[in-house]
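Architecture at a glance
One letter stands for each residue in the lines below.
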Amino acid sequence: MRRTVTVLAGAAALSAAFTLQAAAAPAEFIAPNARAAAEVNYHGELQRQKNVIDSFKSPIGPNVYCVIVDPSAGIDLSSALILANGGVGTTSVETIGRPTTSCDSRRDAITVVPLNNGRDVSASFTIAVL
């Protein structure tokens, strides 16, 4: 009986550790020359950020992502240079720094579409706003 209680207590502690880790805030993105930056996984989840408050897959299309820049950063995305690098399985990444229906026509959103030979794909990516 004592051994069962010890194993169950250990399993509960391990489960709590994973739960806390999953709920942790995204790490800070060290990018001294970028006004905003983000690393996003293929699920649309924000992994690291600088002046970015959220990221998600757009409800419009399965391989379209939205990255939400912190409005208090005062960045005009329509005139900013947005650089992007795709993860495994991409040949390029398209970014749009103006309101699109894919991201609810938000002025603080960057629409991101990872591509593989011109076809949109679900993939991780990194962006920097200069």
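About the criteria used
- For every chain, the first residue of the written sequence is number 1, and numbering continues from 1 along that sequence.
- Per-residue local features of the predicted model are confined to residues with pLDDT of at least 70, and side-chain atom pairs are confined, for both listing and counting, to 80 or more; whole-chain, interface and lining totals are unaffected and use all residues.
- The side-chain numbers reported here are obtained from all heavy atoms of the structure, hydrogens and water having been left aside.
- Any Phe, Tyr or Trp ring, taking Trp's six-membered ring, that has another such ring centre within 6.5 Å forms a pair; planes under 30 degrees apart are called stacked, those over 60 apart edge-to-face, and the others tilted.
- Each helix corresponds to a stretch of at least 4 residues labelled H or I by DSSP, and each strand to a stretch of at least 2 residues labelled E; elements are numbered beginning at the N terminus.
- Whether a charge sits over a ring comes down to the Lys NZ or Arg CZ being within 6 Å of the ring centre and within 35 degrees of the ring normal.
- Across the chain, each position has a pLDDT score giving the predictor's confidence in that residue, from 0 to 100.
- Residue contacts follow a heavy-atom distance rule, with two residues in contact if any of their heavy atoms lie within 4.5 Å.
- DSSP-based pairing: two strands are paired if at least 2 bridges between them are found.
- Exposure is judged per residue with a 1.4 Å probe applied to protein chains only, and the accessible area is read against the type maximum: over 50% gives exposed, under 20% gives buried, and values in between give partly exposed.
- Polar contacts, as counted here, are pairs of nitrogen or oxygen atoms within 3.5 Å of one another; within protein the pair requires one atom able to donate a hydrogen and one able to accept it, and residues that are adjacent in sequence qualify only if both atoms are side-chain atoms.
- Disulfides are defined in this document as cysteine sulfur pairs within 2.5 Å.

**Re the packing of aromatic side chains**
- In this structure the tally under the stated criterion is 1 aromatic pair.
- Between Y65 and F125, the aromatic rings sit 5.2 Å apart at their centres with planes inclined by 65 degrees, giving edge-to-face as the arrangement. Note that Y65 is positioned in strand 5 (residues 65-69) and F125 in strand 10 (residues 125-129), a separation of 60 residues in sequence.
- One residue, R48, lies across the ring of F29, its end atom 4.1 Å from the ring centre.

**Comments concerning the confidence of the model for the protein chain**
- Per-residue pLDDT for the protein chain averages 86, and the proportion of residues at 70 or more is 82%.
- Predicted confidence is poor over residues 1-22, with pLDDT under 50, and the contacts of this stretch with residues over four places away or in other chains come to 0 contacts.

**Things to note about the sheet that holds strand 3 (residues 46-50)**
- Spatial strand order, 1-3-2-10-6: 5 strands in an open sheet with mixed pairing. The sheet is open, and its two edges are formed by strand 1 (27-28) and strand 6 (82-86), each paired on a single side.

**Quick look at the side chain of T111**
- One can find T111 in strand 8 (residues 109-116).
- On the basis of relative accessibility, which here comes to 4%, the residue T111 falls in the buried class.
- Within polar-contact distance, the side chain of T111 engages the side chain of T100 at 2.6 Å.

**A few points about the state of the cysteines**
- The tally for this structure, following the rule as stated, stands at 1 disulfide.
- With its sulfur 2.0 Å from that of its partner, C66 forms a disulfide with C103. The disulfide joining C66 to C103 has a torsion of about -100 degrees about its S-S bond and is therefore left-handed. With C66 in strand 5 and C103 in the loop between strand 7 (92-96) and strand 8, the pair connects residues that are 37 residues apart, well separated along the chain. Assigned by exposure class, C66 and C103 land together as buried.

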